[in-house]
Amino acid sequence: MRTLTPALRGDVITGIAVTLVGAVYYVATFWIQETKNIVTPATFPAIVGIALLVLGLFLVGQALYRSQKIAEVVPSGTTSAGSASASGGADASEDVVDVEPAGVVLDAPEEPKSKQVVLQFALFFIYLGILIPVGFLLSTAAFLMTMTSIYAPHRWVRNLIFSVLFAVVIYVAFVYGLAVYLPVGILG
Amino acid sequence: MDTLIDLGGGFASALEPLSLAFALLGVLLGTVVGVLPGIGPISAIAILIPVSFGMEPVHGLILLCGIYYGSMYGGSITATLIKTPGEVASAVTAIEGYEMARRGRGKAALATAAIGSFLAGTLAIIGLTFLSPVLVRLANVFGSTEYFLLMATALLLASTMSSGSRAKALISIFIGLAVGLVGLDFQTGLPRQTFGMSLLSDGIDFTIFAMALFAIPEAIRNLALGRGAKDVIQSFGDDKWMTKQDWQRSAMPWARGSVLGFIIGILPGVGPSLASFMSYIMEKRISKRKSEFGHGAIEGVAGPEAANNAGVGGAMIPLFSLGIPGSATTALLLFVFTMYGLQPGPLIFRDESGLIWTIIASMYIGNVALIILNLPLVGVFVKLLKMPKEILFSSILVLVAIGAYAIEFSLFGLMLLGIFGVIGYLMDKGGIPLAPSILALVLVPLLENNFRRMLQISGGSFMPLLTRPVSLSIIVLMVLGIVGPIIFRWWVRRRQLLADVSVA
């Protein structure tokens, strides 16, 4: 496990998660009422659950197998842990990402910090939660103001103008233009 | 001849002022959204589906087809000028086009992309016009066995042909299937996989799933990155659009890209993204100026862009004539059809022939509009690239929330949106591609119904798969389609290894 590179460790985690989802999904099919048809309502869901379970296990197995191969290529002890994972990473990405033939190499996108991601999601969920009770106009303006201010606090005037204007314009466009009635909430 | 008469009728109604306006609006809107960094055609359509809710079916469909075309072209602008492809299909443009722009040849890159897209797009629609009726006639002998097989093929191809790990693409497909099976069973009316929640018995709405997967992870990722390095926007200077040499160098790649893209596009389950990659590889191999590739070779923009757009037209063929989408984007369009109560396939050409031909005619118009509007307006679109990220992505979050609200009118719908946003983010982080699951979700009901019908007719035997001539030929093609690419990859790798060895 020492030679598990970040990419492969990611695969192991993904694989385990997929296996669990597959297992839960499969178990849930036991609650589907039995019928006498040749293909019962539970047949397809069961196939899907088992497939996910198998694919998840396959992913884990594949990652472990690859890390073992890397371990064979990089004799332990001769290189520091850092370089081992670096060379392993390159090896793994070649197989895992399966770079297009003739080497079209795409830049990997930057990865944000998990804490930030959780915060952004939390704010989004709060917005989704208050959208109906508070109403579209107020909650949207507040949400946009929060999001833009986290990102660019010094430009609060611009943020405020944008947040209010965007909420109003979208509201008018949807309600009067497209007849999609957005929640009015406490303003109603 | 009948086809021409039908098409003529289509043009007659597509040229009505309102239809024409929606085609133009779609192309324009699509380009604007497609230009936004990180937003590709799939996200553009997913975000804009709610706009078409209240419209006449024909107008809504014309609008969304226009959005599809426009967003593809918008994506090329972004790829060329800031190297941020909105989707895989324009990723190769981000390589050569961006290099051209860095050398002050941005205008030529955009022009060859636009003209190539126009030519290839138009050729592909001509193909669509004349091939669809043929396929519709063929589809009359199709039974549930064949339909089941074709859909299974589409899903299998989508997993083998996507770039990246095949196992992960398969996982994505099964996640899509898993989501699609939630809700009441069509045949028996029994609840399935609802985990005891009655709210889930209506199933999980497709648009919510698509918006959650294609808009939320990207938006959250960008917002969470905070003020990072700013994208460098290449100006396209006052260089000439295209020189005589550019035309000469682009002509053949356009032609080759069109043919390649069209053929790949027709295959079920294989979207235009593979077409642009294949075209790039082909151009690089054929080129006498191999050393220019990676440093702004115009062939590397002309070919893939043509292939990409020809692929769109090609992908419409199985969608229109068989009702089987070839890619995630066409899966979205299939959903829009069903949203209006229309089922693409052989019957639509008989029952709704006016509508379908109007849409086909509007595609010709959309392609013309694209080139008339976009080359002169490119300066305006480029301004959009300067839109601050926090404004762009927080607005997108609001738009998808409106979309989810307009579908369910409930807190439950909004929460589903958020939850699938999280799932999409985790899938993305785990390297599981998102597009195949959209395709799978759309195909679930058709796949399962035909599977059941097949086994009920045969009394539980799988033999019809092999004994029916049409189904047997599909199986043969399917095996070739899956084994072929594996051999092709192996061959490319071998060649590459040999080339590397000989260089060393």
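Residues numbered from 1 in each chain as written. Chains lettered and ligands numbered in written order. Predicted model: local features only at pLDDT ≥ 70, side-chain atom pairs only at ≥ 80, totals over all residues. Heavy atoms only, no water.

Caption draft 1: Summary view of the overall build of chain A. Helix and strand counts for chain A stand at six helices and zero strands. Burial statistics for chain A: of 188 residues in total, 42% are counted as buried. Carbon and sulfur atoms provide 70% of the accessible area of chain A, an area that totals close to 10,300 Å². (Helix = DSSP H or I, 4+ residues; strand = E, 2+ residues; numbered from the N terminus. Buried < 20%, exposed > 50% of the residue type's maximum accessible area, 1.4 Å probe, protein only. Areas by Shrake-Rupley, 256 points an atom, 1.4 Å probe, with all protein chains shown as cover.)

Caption draft 2: Seen up close, the side chain of A:Thr140. Assignment of secondary structure puts A:Thr140 in helix α5 (residues 136-151). Residue A:Thr140 is classed as buried on the basis of its relative accessible area of 0%. From its side chain, A:Thr140 meets the backbone oxygen of A:Phe136 in a polar contact 2.7 Å long. Beyond its immediate chain neighbours, meaning those up to four positions away, A:Thr140 contacts A:Tyr127, A:Leu131, A:Ala167 and B:Val398. (Polar contact = N/O pair within 3.5 Å; in protein donor to acceptor, adjacent residues only side chain to side chain. Contact = heavy atoms within 4.5 Å.)

Caption draft 3: Structural context of the domain arrangement of chain B. Residue and element names in this part refer to chain B. Domain parsing of chain B yields domain 1 (2-453) and domain 2 (467-504). One C-alpha centre belongs to domain 1, the other to domain 2; they are set 26 Å apart. Each side of the interface is counted separately: domain 1 has 16 residues, and domain 2 has 15 residues. Roughly 1,300 Å² is buried in total at the junction of domain 1 and domain 2, and carbon and sulfur atoms are behind 69% of that figure. When the buried surface of domain 1 facing domain 2 is broken down by residue, Glu146, Leu149 and Arg285 rank first, second and third, together holding 35% of it. Here domain 1 and domain 2 share one salt bridge between them. (Domains from an automatic or database assignment. Buried area = accessible area lost by both parts, 1.4 Å probe. Salt bridge = Lys/Arg side-chain N within 4 Å of Asp/Glu carboxyl O.)

Caption draft 4: Up close: the interface of chain A and chain B. Between chain A and chain B, the residue contacts involve 68 residues of the former and 80 residues of the latter. When chain A packs against chain B, the two sides together hide about 6,600 Å² of surface, and 75% of this comes from carbon and sulfur. Of all residues in chain A, A:Phe44, A:Phe121 and A:Tyr151 give up the largest surface area on contact with chain B, accounting jointly for 12% of the area buried on that side. At the boundary of chain A and chain B, one finds two salt bridges. Two residues, B:Lys168 and A:Asp11, come together in a salt bridge whose shortest N-O distance is 2.6 Å. On the surface where chain A and chain B come into contact, there are seven residue pairs in polar contact (both at pLDDT 80 or more). Broken down by secondary-structure element, the contributors of at least two residues to the side of chain A that touches chain B are α1 (6-28), α2 (43-73), α4 (114-134), α5 and α6 (156-177) of chain A. In the side of chain A that touches chain B, the residues fall into 48 nonpolar, 13 polar and seven charged. (Nonpolar A, V, L, I, M, F, W, Y, C, P; charged D, E, K, R; others polar.)

Caption draft 5: Examining the packing of helix α12 (residues 272-286) of chain B against helix α13 (residues 299-322) of chain B more closely. All names here are of chain B. Between α12 and α13, the shortest axis-to-axis distance is 8 Å and the interhelical angle comes to 150°. By the angle class used here, α12 and α13 are roughly antiparallel. α13 is crossed by α12, and the crossing has right-handed handedness. Here α12 contributes Pro272, Ala275, Ser276, Ser279, Tyr280 and Glu283 to the contact with α13, which in turn contributes Glu299, Gly300, Gly303, Pro304, Ala307, Asn308, Gly311 and Val312. Residues of the contact of α12 with α13, tallied by class, amount to six nonpolar, six polar and two charged. (Axes fitted to C-alpha atoms, helices over the stretch in contact; angles between N-to-C directions. Parallel < 35°, antiparallel > 145°, perpendicular 65-115°, else oblique. Left-handed = near helix turned anticlockwise from the far one by under 90°.)

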